[in-house]
Amino acid sequence: MVKVLFVCLGNICRSPMAEAMFRDLVKREGLEHIITVDSAGTGDWHVGKPPHQGTQDILNQHQISFEGQVARQLVTTDLNDFDYIVAMDTQNEKNIHKLTSLHTSTKIVKLLDYVPEADKLDVPDPYFTGNFQEVFDLLKVGCERLLKEIQTNENASREGK
Ligand code: 4NP
């Protein structure tokens, strides 16, 4: 099983959007038996809350389910439990690394590492910008490329490379 965790600050705008979009992609590719998806926030202000209305609206527009998703805070054990931890911005990534032991094999990346043509390193926070469409567009490309990378790695390890 490949376990993927998306991380942002509040776990109500960007990472739950990424979680829902990535799960939808995984489902459409018929890979639910291989890949699991979750999200968390580095902060605890919104724990137990559903995604922000702006995230809900854009996911609904695209008929992408976010059923059952509620905010939770990132915990130390996540660093061992997940294979990929995908941060939405540089500050999230720094906070994730603060919880990491040197021995973790978890791959810690930023979502926009997969979108080098974007003119930015961080997914802008729509909690402050109000621009959920921009986030959706960046996440769409990033999630597709992340899934391709996972599929390539899985195929390689199955072939014993
Ligand atoms: P997110 O956005 O990290 O994309 O979920 C935020 C949500 C809430 C807050 C900050 C960012 N907040 O300060 O409450």
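Everything in this summary refers to the structure shown in the same document. It should be emphasised that the depicted structure is a prediction, and the values quoted were computed from it without experimental measurement.

### Thoughts on the site of the ligand
And then number 1: Taken together, C8, L9, G10, N11, I12, C13, R14, H46, D125, Y127 and F128 make up the full set of residues near the ligand.
And then number 2: The contact in question runs from an oxygen atom of the ligand to an N or O atom on the backbone of L9, over 2.9 Å.
And then number 3: In this structure, R14 approaches the ligand through a side-chain N or O atom, which is 2.8 Å from an oxygen atom.
And then number 4: If the ligand stood free it would expose 360 Å²; the protein chains cover 91% of that surface.

### Concerning the state of the cysteines
And then number 1: Going through the model one piece at a time under the given rule, you end up with zero disulfides.
And then number 2: The closest cysteine sulfur to the non-disulfide-bonded C143 is located on C8, 13 Å from its own sulfur.

### Points about helix α6 (residues 132-158)
Given 3.6 residues to a turn, an α-helix orients residues that are three or four positions apart in the same direction.
And then number 1: Helix length check: α6, at 27 residues, gives a terminal C-alpha distance of 38 Å against a target of 39 Å (1.5 Å per residue), a fit within 8%.
And then number 2: Looking at α6, one finds that the buried residues are F132, V135, F136, L138, L139, G142, C143, L146, L147 and I150.
And then number 3: Contact partners of the buried residues in α6: β1 (2-8), α1 (14-28), β2 (35-41), α2 (53-61), β3 (84-87) and α5 (126-129).
And then number 4: For α6, the N-terminal capping position is held by N131, with its side-chain oxygen 3.4 Å away from the main-chain nitrogen of Q133.
And then number 5: Count one or two residues on from α6 and you reach G160, which has phi positive near 75°.

How each quantity is defined
All residue numbers refer to positions counted from 1 along the written sequence of the respective chain. Note on the predicted model: pLDDT of at least 70 is required for a residue's local features to be given, and 80 or more for side-chain atom pairs to be given and counted; whole-chain, interface and lining totals, by contrast, use all residues. Calculation of side-chain values draws on the structure's entire complement of heavy atoms; hydrogens and water are dropped beforehand. Residues are classed as near a molecule or strand on a simple rule: at least one heavy atom within 4 Å of it. What qualifies as a polar contact is a pair of N or O atoms within 3.5 Å, subject to a donor-acceptor requirement within protein and to the restriction that residues adjacent in sequence count only when both atoms come from side chains. Where accessible areas are quoted, they stem from the Shrake-Rupley method and a 1.4 Å probe; at the residue level, only the protein chains shown are allowed to cover. Any two cysteine sulfur atoms lying within 2.5 Å of each other are counted as a disulfide. Where helices and strands are cited, they refer to DSSP runs of H or I of at least four residues and of E of at least two residues respectively, numbered from the N terminus. By this rule, a helix spans an expected 1.5 Å times one less than how many residues it contains. To sort residues, take the accessible area from a 1.4 Å probe on protein chains only and compare it with the maximum for the residue type: under 20% means buried, over 50% means exposed, and anything in between is partly exposed. Should any heavy atoms of two residues lie within 4.5 Å, those residues are counted as being in contact.

Read these as spatial facts, not as claims about activity.
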